[in-house]
Structure formats: C-alpha cells, structure tokens
Amino acid sequence: MPIFSTAFILLIVFVVVILANAIRILREYERGVIFRLGRLIGVKGPGLILLIPIVDKMVKVSLRTVVMDVPPQDVITKDNVSIKVNAVVYFRVVYPDKAIVEVENFLFATSQLSQTTLRSILGQSELDELLAEREKINHALQKIIDAQTEPWGIKISNAEVKHIDLPVEMQRAMARQAEAERERRSKVIHAAGEFQASQKLADAAEVIEAHPMALQLRFLQTLTEVASEKNSTIIFPVPIDLIAPFVQGALKK
C-alpha cells in the first residue's frame, strides 16, 4: 500500500510537470515561434498555447514598438567638420518567425546597423545641411535602415537625429558668423531707412519750392514747438535774404 501511494504521488507530480511544460499563455502583444524537433512549424498566439513536451520548443517575441537609442557616433562631415551625433530609432517586429530564424539577435543587429548607417549618411552631408535639413536626413536614414532590416521581419517606423554636438571652435565660428549676419542686416535696414527718408525730404523740397510760404509756416511751427519746452534761450534763425539789403547798403557807403 505505501508503495502504491508513492507511485501515485510520483505520477501526479509527473503529470503536473508535463502540463506545466505543455501549456503556455501569451499576451496580446506576444507571439510564440514554435520549433518541433528543431524545425520551424509556425507562429502561434496570443492566448493559450499547447506544446508537446520535450518535442516542441517556443521562443516568445514581442510585437510592441521598440524605442532604441543609438549611442553617440563620431562623424566627419563632407566639409571635414568633426561632430558627435546620436539618434533614436523606432521599430517593431512584423514577422516573428523571420526575426528569430533570419538573424541571431535582431535587437543587437538593428542597433549595429543603425550606428553604421548613421555614420554613413551624415558623412555624405555638409554641416549646414545637417543643421538646416534635418527632416530630409531623417527620412533617408529611416528608408535605408528599413530596407536592410526588411529580410529580418522588422519594420522601421521612424529614425531621427536627436542631437548634434559641435566642437567649441565651430560653435565660436558659427556665433561670429551669426553676429556678422545680424550686423549686415542692421546696416541694410539702416541704409534702406536713410534712402526712404531722403526720398521724403526730396518730395518735401519740391513742395516748398512750389509754395515758398510753406517754408515760413514750417519755420513758425518749429518756433512753437521749441517754445513749448520752456527753454530760457531760443535760437531764432534769420533768412539771409532779409539781411542781404542791409549788407549791400553798408558796402556802398
């Protein structure tokens, strides 16, 4: 009787172990790549999965979007400027069987491919292009990485250059360039203002020439404005035409 009880307990334990190895539960975002005696038989999930113990092996793959940070890379641009650039890549597994069978470690492989592609793309661009046409470079980066990871069953949804670290000397040179550009714009605006003012003065001179009394009215208006400031001294300009007869009379004498 004790031998029978022991055997029965061992049988129950064996059945529990077999069921524990045979039953798998996959979440909504997970898929199971099933290998039977080493051969791929398909992809299952989500939900309850039944496996043949010892015969079947399952590898779980997540279908969620992976956000991968590409480490900073030393890049020499097309115009021979040394910079340090990092990026971020968004991708997800579309075909779990290919992600397991076609490449040993798809996460590591995608990371290495992103690093080399980042250096290659930025090395073909000039510094001004990197700073001004970021969207164009991001699109080229995403397109190239996606084309190379497609055989692995991976879809690259987005790839973006995150930060460009410029040398201190280049930052100073760009600051001087920006300052010179602002100075140039300031001078152009000032010259344009002077030109417009000269045109208005020329128009005013033509009006005064056609109507001499306008100058006298302007003169009186100026005196009114000066007197309103409560000045103790007022400079009163006298036209030379008024003094000329007296000067000529004095010279004749």
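How each quantity is defined
Counting of residues starts from 1 at the beginning of each chain's written sequence and follows it residue by residue. Only residues with pLDDT of 70 or above have their local features reported here, since the model is predicted, and side-chain atom pairs are shown and tallied only from 80 upward, although totals for entire chains, interfaces and linings are computed over all residues. To obtain the side-chain values, all non-hydrogen atoms of the structure were included, while hydrogens and water were left out. Two strands are said to pair when DSSP picks up at least two bridges between them. Helix and strand assignments follow DSSP, with helices taken as H or I runs no shorter than four residues and strands as E runs no shorter than two, numbered in order from the N terminus. To obtain each axis, a line is fitted to C-alpha atoms, and for helices this fit is confined to the stretch in contact; angles are then taken between N-to-C directions over 0 to 180 degrees. Whether two residues are in contact is decided by their heavy atoms, any of which lying within 4.5 Å being enough. Roughly parallel means an angle under 35 degrees; roughly antiparallel means over 145; roughly perpendicular covers 65 to 115; every other angle is labelled oblique. A clockwise turn of the near helix away from the far one marks a right-handed crossing, whereas an anticlockwise turn of less than a right angle marks a left-handed crossing. Side-chain classes follow a simple rule in which Ala, Val, Leu, Ile, Met, Phe, Trp, Tyr, Cys and Pro form the nonpolar group, Asp, Glu, Lys and Arg form the charged group, and the remainder, Gly included, forms the polar group. Among buried residues, the Ala, Val, Leu, Ile, Met, Phe, Trp, Tyr and Cys ones that are joined through side-chain atoms within 4.5 Å form a nonpolar core. Partly exposed describes any residue whose relative accessible area lies between the buried limit of under 20% and the exposed limit of over 50%, with all areas from a 1.4 Å probe on protein chains only and scaled to the type maximum. In this scheme Phe, Tyr and Trp rings, the latter by its six-membered ring, pair at centre separations within 6.5 Å, and the angle between planes marks the pair as stacked below 30 degrees, edge-to-face above 60, and tilted otherwise. We call a charge positioned over a ring when the NZ of a Lys or the CZ of an Arg lies within 6 Å of the ring centre and within 35 degrees of the ring normal.

## Concerning the sheet that holds strand S6 (residues 66-76)
In step 1: Spatial ordering of the open sheet is given by S6-S7-S8, a layout of three strands whose pairing is antiparallel. The open sheet has two free edges, formed respectively by S6 and strand S8 (154-165), since each of these has just one partner strand. Within this sheet the neighbouring strands show an average axis-to-axis angle of 25°, counted without direction.
In step 2: Bridge analysis of S6 against strand S7 (residues 82-93) gives nine bridges, and the strand direction is antiparallel. Bridge pairing in S7 links Val-67 to Tyr-90.
In step 3: Against the sheet, helix H3 (residues 106-123) engages S6, S7 and S8, with an angle of about 35° to S6.
In step 4: Across the sheet, helix H5 (residues 134-149) is in contact with S7 and S8; its angle to S8 comes to roughly 140°.

## Focus on the packing of H3 against H5
In step 1: The N-to-C vectors of H3 and H5 enclose an angle of 140°; their axes lie 10 Å apart at closest approach. Here H3 is positioned oblique relative to H5, judged by the angle of their axes. Here H3 runs over H5; the crossing is right-handed. Contacts between H3 and H5 involve Thr-110, Leu-113, Ser-114, Thr-117, Leu-118, Ile-121 and Leu-122 from the first element and Ile-137, Leu-141, Ile-144, Ile-145, Gln-148 and Thr-149 from the second.
In step 2: Classifying every residue of the contact of H3 with H5 gives eight nonpolar, five polar and no charged.

## Comments concerning the nonpolar core
Nonpolar side chains in soluble globular proteins tend to end up buried together.
In step 1: If you look at the biggest cluster of nonpolar residues, it comprises 34 residues, and the most contacted ones within it are Ile-83, Leu-118 and Leu-122.
In step 2: For this core, the secondary structure elements donating two or more residues are strand S2 (30-36), S6, S7, H3, helix H4 (127-132), H5 and S8.
In step 3: Not counting chain neighbours up to four residues away, the residues in contact with Leu-118 comprise Val-70, Gln-73, Val-85, Asn-86, Ala-87, Leu-141 and Val-161.
In step 4: Among the nonpolar cores identified, the runner-up in size contains five residues, and Leu-26, Ile-34, Ile-49 and Leu-51 belong to it.

## Quick look at unusual backbone geometry
With the exception of glycine, most residues fall at negative phi, and the peptide bonds are largely trans.
In step 1: Backbone torsion omega between Gly-45 and Pro-46 reads 0°, so that peptide bond is classified as cis.
In step 2: Considering the arrangement of structural elements, one finds Pro-46 in the loop between strand S3 (39-44) and strand S4 (47-50).
In step 3: A positive phi angle is found at Ile-54, which is not glycine, with a value near 70°.
In step 4: Within the secondary structure, Ile-54 is located in the loop between S4 and strand S5 (56-62).
In step 5: The backbone phi angle of Asn-80 is positive, close to 60°, even though this residue is not glycine.

## Some details on the packing of aromatic side chains
In step 1: Overall, the coordinates contain zero aromatic pairs when judged by the stated rule.
In step 2: The ring of Tyr-95 carries Lys-98 above its face, with NZ or CZ at 5.0 Å from the centroid.

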